[in-house]
Every structure is written in C-alpha cells, then in structure tokens.
Amino acid sequence: MSETGQWYVATNGKQQGPMATAGVLEMIRARQLDRTSYVFAAGGAGAWVPITSIAVFAEAFAPTAGLPPPPPPMPGKVDEIDYEVFGEEMQFVEITLDPGEACIAEAGAFMFMEPGIELETIFGDGSKKQQQGSGGFLDSLLQAGKRVLSGASLFMTAFGNRASERRKVAFAAPYAGKIIPVDLRQYGGVLICQRETFLCAAKGISVGIEFQKRLGAGFFGGEGFILQKLEGDGLAFIHAGGTIVPKDLKAGETLKLDTGCLVAMERSVTYDVQYVGNIKTALFGGEGVFLAALTGPGRVWIQSLPFSRVADKIASFVMSRLPSQGGIGGALGGFGDRG
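This structure is a prediction, so every number in the text was calculated from the model and none was measured.

**Q** Hey, could you run me through the overall build of the protein in this one?
**A** The helix and strand inventory of the protein stands at eight helices and 23 strands. Counting only residues that meet the buried cut, the protein has 42% of its 339 residues in that class. A separation of at least 24 residues holds for 71% of the contacts in the protein among residues at least 6 apart in sequence. As presented, the protein carries roughly 17700 Å² of accessible surface, and 58% of it is formed by carbon and sulfur atoms.

Structure (structure tokens):
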C-alpha cells in the first residue's frame, strides 16, 4: 500500500477519514490511536487491517531513538473531555462533557450545544485558579489585560454541563483550515501559539501571553512582540489555515520559514527573525524582508495558508476594482473587467 494514499481509521468503535498518511501519523503521535486500532485504504479492495501491519504506522509506535522520553503527565487539574473533529476544510470540533465538566472558548467560536449546557462569562485567562476565585480581582484584571495585548477578547466563555447525563457542545473554525487537538501534558504543560489560533480547551487551561525575548522577533516577526501561551495539563484546540504540518527539530537544528506560517511551537524552541540578506531579494522577491528562524529541540506546527495572505488577496482584488482606478472597468464599477 502506498504511504501517500488516503486512509480510514477505526478505534474504540469510531471511524474517521479519509485522511492522508501524515494525518494518521499525527493521530498516533497525539496518542489518539493505539496498537489496537485498524486502518482501511480508501479506494482499495482490501479489508480492515491492524494499524501495526502497515510498516509506516508500525514505526510510528516505536520509541524514537536518541530522543528523551516524554515528560510524565502532571497531576490532574484540568477537566478530562472527549471530542471528535468533523469536516475536511471547514472543520468543527464536538466536545462531550460529563456531568460537572466544562470547557472554555474564544468569543465567536460557539456553534451549537445540547440541553443542559450552560454558559458563563469568564473575566481573565480561564485558569482554574481564577475560576475558583483564589486569584483575586486584581489578578484577573491583569490576566485579562494581557489577553487584550495578545489580540484576544477581555472575556472568555465557559460551557458547563449541568445535566445528569453526558452532553455535547461544538465550536467551529473561523475560516478554511484544520483544527489541531493538543494534549499539553505531552509538551511540558506549555504551548506557544500565534495570536488568534486558539479555538477552545478544557476548563482549567490558561490562555495568556508570551513575550518574545529577542527584539528582532518582536518587532519583525509578523505577529508583533507578543504570542499566546496555552498552559495546563489537558486538551486544547488550535486552528490554522490550509494544511498543518508538524515538524520535530533536533537540538541545534534550525528551520527557516515565512513569519506568518508559524502556528505553534514548544517552549523549548528558540524563535528569532532574520533578514533575508539580499536587498534585491527583499525588495523584489515577493517573500518579504524577514524570515522566522526556529531552532530546536522541540516540535513546531506550520500552516500552508496564513489567513493574512487570504486577506491581502481579497483586499488587493477589491482595491483593483474600485472606481478610482480609472478605465472602463473602473468607471462602471468593475463591469467589463476580465477575471
């Protein structure tokens, strides 16, 4: 079977797919699949087979040589939630809450909820400390102010299950792309993200800010001096545009990319911004003046289509058809223009 084909996966009685080989490997790394899971080649004439019977997937279950083991899970402080992601390009995540459990989300992400789910506005960063009232008003005000600096809302919304049975609530992505579930326990309890990538999380996850220590990264990184910081010991969901690719960097290994293509990274990854090094390339290459340089060790997530590129294309298209542009098409409001 081809390693670049499409696959269906089945585990715990649930089926997902079709998805590319890279998607299945990401689910294995995120521990959403185990050795008891099954796969089926889309479009093939075969049957469901154990996931470990496919060489590329079997290798993903083996310990990675030369890398330290993942940190042990921290004591449970965040609500344990179940979830399922639906859709291909315009995705949404459906979260199942046990009685008494809750999740938090950014304003505007809510899609639907079942009876028994109640909403509560949270002032602050959404952490357990503040939700339990032990942080004090001034601490909540400080954390809320930090969220505003990172481009987020002053308030967050909590969705709690007050029923006696399991209930579901769903959150939708704001534009075409992928929703990535991240268990923060696998990354030392902290994940650094670009602004506006956070979608929702289990109650108890703190959504704060991370100041860049390097001035170059702060002023020329494309996302300003501040990034978002997700902190806790449970599940969080981030969203980005196009296709999302995770890359594991070894100690000292550096990856250069467009500043807008960075989605998230482990805290152990060093983030800096470098000049392209050539005036001609900077002015006429169309790739900008600066590149992001990420240095391991640690995992980074990269997006193929930053929303800023889509917005720039739309803005350029609209401006090119304004009447002030002149010509027949401009005089007629775009009538007669080709394309």
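**Q** Explain the confidence of the model for the protein here, please?
**A** With 70% of its residues at a pLDDT of 70 or more, the protein shows a mean pLDDT of 76. Between the elements of the protein, mean pLDDT differs from a low of 43, seen in helix 8 (residues 327-331), to a high of 96, seen in strand 11 (residues 167-172). Between residues 64-76, whose pLDDT stays under 50, and residues either more than four places distant or in other chains, the model counts 11 contacts. Segment residues 130-134 is flagged for pLDDT under 50; beyond a separation of four residues in sequence, or across chains, it makes 12 contacts in the model.

**Q** Help me out: how do you make sense of the sheet that holds strand 8 (residues 110-113) in this one?
**A** In any sheet, the strands associate via hydrogen bonds between backbone groups, in a parallel or an antiparallel arrangement. One open sheet accounts for four strands, arranged 5-6-11-8; its pairing is antiparallel. Either end of the sheet is taken by a strand with one partner, and the two such strands are strand 5 (82-86) and strand 8. On average, adjacent strands in this sheet sit at an angle of 20° to one another, irrespective of strand direction. Where strand 5 lies against strand 6 (residues 92-97), five bridges are found, and the strand directions are antiparallel. Counterpart to Tyr 83 in the pairing with strand 6 is Ile 95.

**Q** Is there a simple way to think about the packing of aromatic side chains in this case?
**A** Two measures describe an aromatic ring pair: the distance that separates the ring centres and the angle between the ring planes. Tallying each qualifying case throughout the model produces eight aromatic pairs. Between Phe 159 and Phe 171, the aromatic rings sit 5.0 Å apart at their centres with planes inclined by 75°, giving edge-to-face as the arrangement. Placement of the pair is Phe 159 in strand 10 (residues 155-161) and Phe 171 in strand 11, with a sequence separation of 12 residues. The residues Phe 159 and Phe 171 share a single accessibility class, namely buried. Among the aromatic residues, those joined into a ring-pair cluster are Phe 86, Phe 92 and Phe 112.

**Q** It is not clear to me how the nonpolar core should be interpreted in this structure. Could you clarify?
**A** In a soluble, globular protein the nonpolar side chains are often hidden away together inside. Counting residues in each nonpolar core, the largest one holds 42 residues, and the members touching the most others are Val 93, Ile 95, Phe 171 and Ile 238. When residues no more than four places from it in sequence are discounted, the contact partners of Val 93 are Tyr 83, Glu 84, Val 85, Val 169, Ala 170, Phe 171, Ile 179, Leu 199, Cys 200 and Phe 237.

**Q** Is there a simple way to think about the pattern of salt bridges in this case?
**A** Pairing between side chains of opposite charge can happen when the charged atoms of each approach one another. Counting across every chain of the model gives 11 salt bridges. Measuring nitrogen to oxygen at the nearest pair gives 2.6 Å for the salt bridge that ties Arg 166 to Asp 98. On the criterion of sequence distance, the pair formed by Arg 166 in the loop between strand 10 and strand 11 and Asp 98 in the loop between strand 6 and strand 7 (102-105) is long-range, its members being 68 residues apart. Since its relative accessible area comes to 27%, Asp 98 is described here as partly exposed. With its nearest N and O atoms 4.0 Å apart, the salt bridge here joins Glu 118 to Arg 162. One end of the pair, Glu 118, is in strand 9 (residues 117-123); the other, Arg 162, is in the loop between strand 10 and strand 11, and 44 residues separate them in sequence. According to the relative accessible area criterion, Glu 118 is partly exposed, its value standing at 44%.

Reading the values: rules and limits
- Residues numbered from 1 in each chain as written.
- Predicted model: local features only at pLDDT ≥ 70, side-chain atom pairs only at ≥ 80, totals over all residues.
- Heavy atoms only, no water.
- Helix = DSSP H or I, 4+ residues; strand = E, 2+ residues; numbered from the N terminus.
- Buried < 20%, exposed > 50% of the residue type's maximum accessible area, 1.4 Å probe, protein only.
- Contact = heavy atoms within 4.5 Å.
- Areas by Shrake-Rupley, 256 points an atom, 1.4 Å probe, with all protein chains shown as cover.
- pLDDT = per-residue confidence, 0-100.
- Pairing = 2+ DSSP bridges.
- Axes fitted to C-alpha atoms, helices over the stretch in contact; angles between N-to-C directions.
- Phe/Tyr/Trp six-rings, centres within 6.5 Å; stacked < 30°, edge-to-face > 60°.
- Core = buried A, V, L, I, M, F, W, Y, C linked by side-chain atoms within 4.5 Å.
- Salt bridge = Lys/Arg side-chain N within 4 Å of Asp/Glu carboxyl O.

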